[in-house]
Amino acid sequence: MPRVLIAGGGLAGLSAAAALAGAGFEIDLFESRPFLGGRATSYAIPGAPGAEAETIDNCQHVLLRCCVNLLDFYERLGVRQHIRFYREFYFIEPGGRVSTLRRGRFPAPFHFTDSFLTMSFLDKTDKLAIARAFLALQRERTRRTDLERISMLDWLLQKRQTPKAIDRFWRQVLVSAVNEDLDRMAAIHGFQVFWLGFLARNDSYEMGIPTVPLAELYAAEAWQRLGNVRIHLRCPVDRIAPEGFTIEGRVEPADYYICALPFERLEAAGLAAPRLEHSPITGIHLWFNREITTLPHATLLDRTMQWMFNKGAGRYLQLVVSASRDLTNLSRQDIIDIAIGDLRLFFPRVREAQLLKAHVVKEQRATFSAAPETESLRPDPATPHANIFLAGDWTRTGWPATMEGAVRSGYRAAEAVAAAAGKPARFLVPDLT
């Protein structure tokens, strides 16, 4: 079978490797860092004095049941059982009042009706506005031709959404899902998240969270099951050309090549880079000396911190701020102070607890910015070179920059390689309808 070299050990490169290996291709994957997973990985940090080092995820990554290609990738690696799904979303107001979103007795797309009637963080006017928008979204998603050119905020204002509906519902869900502010987000991506993730099927909204550190999902045992994938860590690819990868001054030839590097590194590797911008994510890890909450996760309303994830017995919490441009120039301590101040408003036990340790992760180049009129800038897998293909969540996947989008890009690149080799194969799993 043909030999394929892949540059980049993030989800795009890993999914391309898994797909092609399953079809019998010989794969060599090169990653510059000492671990796999790219921006969806984990690593060790020093523990408390006298304690062992702790492994943390660089940021909390979640998926929904509508992420069918990501789930397929986990199935290929034999790790799908490490994803735990939750059927409830918790919205917490300052003061601690909790509202729960879950499916009810009605069929999709009306399965949230019972929850909306009881959620206290929105009033009747807000709920009616959201219901109107849901119906409009269902009607317009296949009819409007301008959704890539307008922002999601533009569309919400067109639909007369109340300020509270925008700030407490649409913004809380969409900014975290797409990693962009509503006024910077192309409406097409907001439509996709809400249709596939909330309305298409009554279980598509269920949130999956890995029960193991992210890096364990791509451990050596998973690749040994496939057999014909060789992983080369701490092995950066300096240049990509039709004659081979340049690695430590030598040229490594193969039949086909996949570049799964971040788009900002393409020019250095000898390929044309799309003119996309970045959007940052900030993760804040906090360890307390006592239990703070029993909730497994929650979206935090009206404050800087957007989501809380319970990572360990209510004592280890991870907070996430997507599209976190306002935190870029703040110091580590400033961010920790904001996080603790916000948590006190939602979880009174924080006032009595001692903070043992904190860690802040700023991902300045977390994703590309899913802004209006950027879809045309995202390239397809093919390049001007017949044996070089592109993968990455920044390529044209039909999704914003998510783990699902990254895997879709890897599968698309793998399909392009298979077709070029005269062995066409279908790896991409169709979206829910």
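The coordinates are above.
Predicted model, so just to flag it, every value in this text is computed and none were measured. (Residues numbered from 1 in each chain as written. Predicted model: local features only at pLDDT ≥ 70, side-chain atom pairs only at ≥ 80, totals over all residues. Heavy atoms only, no water.)

Participant: Even after reading the chapter, I still don't get the overall build of the protein, so can you show me in this structure?
Facilitator: Counting secondary structure elements, the protein contains 10 helices and 20 strands. Its C-alpha atoms give the protein a radius of gyration of 22 Å, near enough to 22 Å, the size a compact globule of 433 residues would have. Along the first, second and third principal axes, the C-alpha set of the protein runs to 60 × 60 × 40 Å. A burial count over the protein gives 57% of its 433 residues as buried. For the protein, long-range pairs separated by at least 24 residues make up 68% of all intrachain contacts whose partners lie at least 6 apart in sequence. Of the roughly 17700 Å² of accessible surface on the protein, 50% is carried by carbon and sulfur atoms. Computed over 52 positive and 48 negative side-chain charges, the separation of the two mean positions in the protein equals 5 Å. (Helix = DSSP H or I, 4+ residues; strand = E, 2+ residues; numbered from the N terminus. Rg over C-alpha atoms; globule rule 2.2 N^0.38 Å. Buried < 20%, exposed > 50% of the residue type's maximum accessible area, 1.4 Å probe, protein only. Contact = heavy atoms within 4.5 Å. Areas by Shrake-Rupley, 256 points an atom, 1.4 Å probe, with all protein chains shown as cover. Lys, Arg positive; Asp, Glu negative; His and termini not counted. Charge placed at Lys NZ, Arg CZ, Asp CG, Glu CD.)

Participant: In this structure, what is going on with the pattern of salt bridges? I would like to understand it.
Facilitator: If charged atoms from side chains of opposite charge come close, those side chains can pair. By the definition in use, this model includes 37 salt bridges. A salt bridge links Arg97 to Glu93; the shortest N-O distance between them is 2.7 Å. Among the ionic pairs, Arg144 bridges to Asp146, the shortest N-O distance being 2.8 Å. With relative accessibility at 22%, the residue Arg144 sits in the partly exposed group. A single network of salt bridges, built from pairs that share partners, joins Arg3, Glu26, Asp28, Arg230, Arg250 and Glu252. (Salt bridge = Lys/Arg side-chain N within 4 Å of Asp/Glu carboxyl O.)

Participant: It is not clear to me how the sheet that holds strand β17 (residues 307-312) should be interpreted in this structure. Could you clarify?
Facilitator: Within a sheet, neighbouring strands are paired by backbone hydrogen bonds and run either parallel or antiparallel to one another. Reading across from one edge, β8-β7-β16-β17-β18-β15-β19 is the order of the 7 strands in this open sheet, with mixed pairing throughout. The strands lining the two open edges of the sheet, one partner per strand, are β8 (98-101) and β19 (355-368). Direction aside, neighbouring strands of the sheet carry axes that sit 25° apart on average. Inspection of the sheet shows strand β15 (residues 278-288) paired to strand β18 (residues 316-322) by 7 bridges, in the antiparallel sense. Bridging across to β18, Thr282 finds its partner in Val321. (Pairing = 2+ DSSP bridges. Axes fitted to C-alpha atoms, helices over the stretch in contact; angles between N-to-C directions.)

Participant: Can you help me understand the pairing of strand β2 (residues 26-30) in this one?
Facilitator: Every regular strand shows the same layout, with side chains that alternate between the two sheet faces. Taking burial as the measure, the 5 residues of β2 include 4 buried ones, the bulk of the element. Relative to β2, strand β1 (residues 3-7) runs parallel, the two sharing 5 bridges. Within the sheet, the bridge partner assigned to Ala7 lies in β2 and is Phe30. With 4 bridges connecting them, β2 and strand β10 (residues 229-232) associate as parallel partners. Within the sheet, the bridge partner assigned to Ile27 lies in β10 and is Val229.

Participant: In this structure, what is going on with the side chain of Ser409? I would like to understand it.
Facilitator: With respect to the secondary-structure elements, Ser409 resides in helix α10 (residues 403-420). Under the relative-accessibility criterion, Ser409 is labelled buried at 1%. With residues up to four places along the chain from it excluded, the contact list for Ser409 reads Ala12, Leu390, Ala391, Gly392, Asp393, Thr395 and Thr397.

Participant: It is not clear to me how the environment of Val237 should be interpreted in this structure. Could you clarify?
Facilitator: Topologically, Val237 is positioned in the loop between β10 and β11 (239-241). Residues Val237 and Gly8 lie 229 residues apart in sequence; the distance between their C-alpha atoms is 8.4 Å. Ignoring sequence-local partners within four residues, the contact set of Val237 consists of Ala7, Phe30, Phe245, Thr246 and Ile247.

Participant: Explain the packing of aromatic side chains here, please?
Facilitator: For any two aromatic rings, the description comes down to two numbers: the centre-to-centre distance and the angle of the planes. Within this structure, the stated rule accounts for 22 aromatic pairs. Relative to Phe121, the ring of Phe91 lies with its centre 4.6 Å away and its plane at 10°, an arrangement referred to as stacked. Of the two residues, Phe91 sits in strand β7 (residues 89-92) while Phe121 sits in the loop between α3 (113-118) and α4 (124-140), which places them 30 residues apart along the sequence. Take Phe121: its relative accessible area is 0%, and that puts it in the buried class. Look at Phe169 and Phe194: their rings are 5.6 Å apart centre to centre, the planes differ by 50°, and that puts the pair in the tilted class. One end of the pair, Phe169, is in helix α6 (residues 163-178); the other, Phe194, is in helix α7 (residues 187-199), with 25 residues separating them in the sequence. Neither residue differs from the other here; Phe169 and Phe194 are each classed as buried. (Phe/Tyr/Trp six-rings, centres within 6.5 Å; stacked < 30°, edge-to-face > 60°.)

Participant: When you look at α7 in this model, what are you seeing that I'm missing?
Facilitator: Residues lying three or four places apart along an α-helix face the same way, a consequence of the helix completing one turn every 3.6 residues. Counted residue by residue, α7 has 12 buried out of 13 residues, so it is predominantly covered. Of the residues making up α7, those classed as buried are Ala187, His189, Gly190, Phe191, Gln192, Val193, Phe194, Trp195, Leu196, Gly197, Phe198 and Leu199. Elements in contact with the buried residues of α7: β5 (63-64), β7, β8, α4, α5 (152-158) and α6.

Participant: Any chance you could explain the sheet that holds strand β20 (residues 388-390) here in plain terms?
Facilitator: Across the sheet, which stays open at both edges, the 5 strands sit in the order β10-β2-β1-β14-β20 with parallel pairing between neighbours. The strands lining the two open edges of the sheet, one partner per strand, are β10 and β20. The sheet shows a mean angle of 20° between the axes of neighbouring strands, taken without regard to direction. Packed onto the sheet, helix α1 (residues 11-22) meets β1, β2, β10 and β14 (256-259) and runs at close to 165° relative to β2.

The analysis is restricted to geometry; functional conclusions fall outside its scope.
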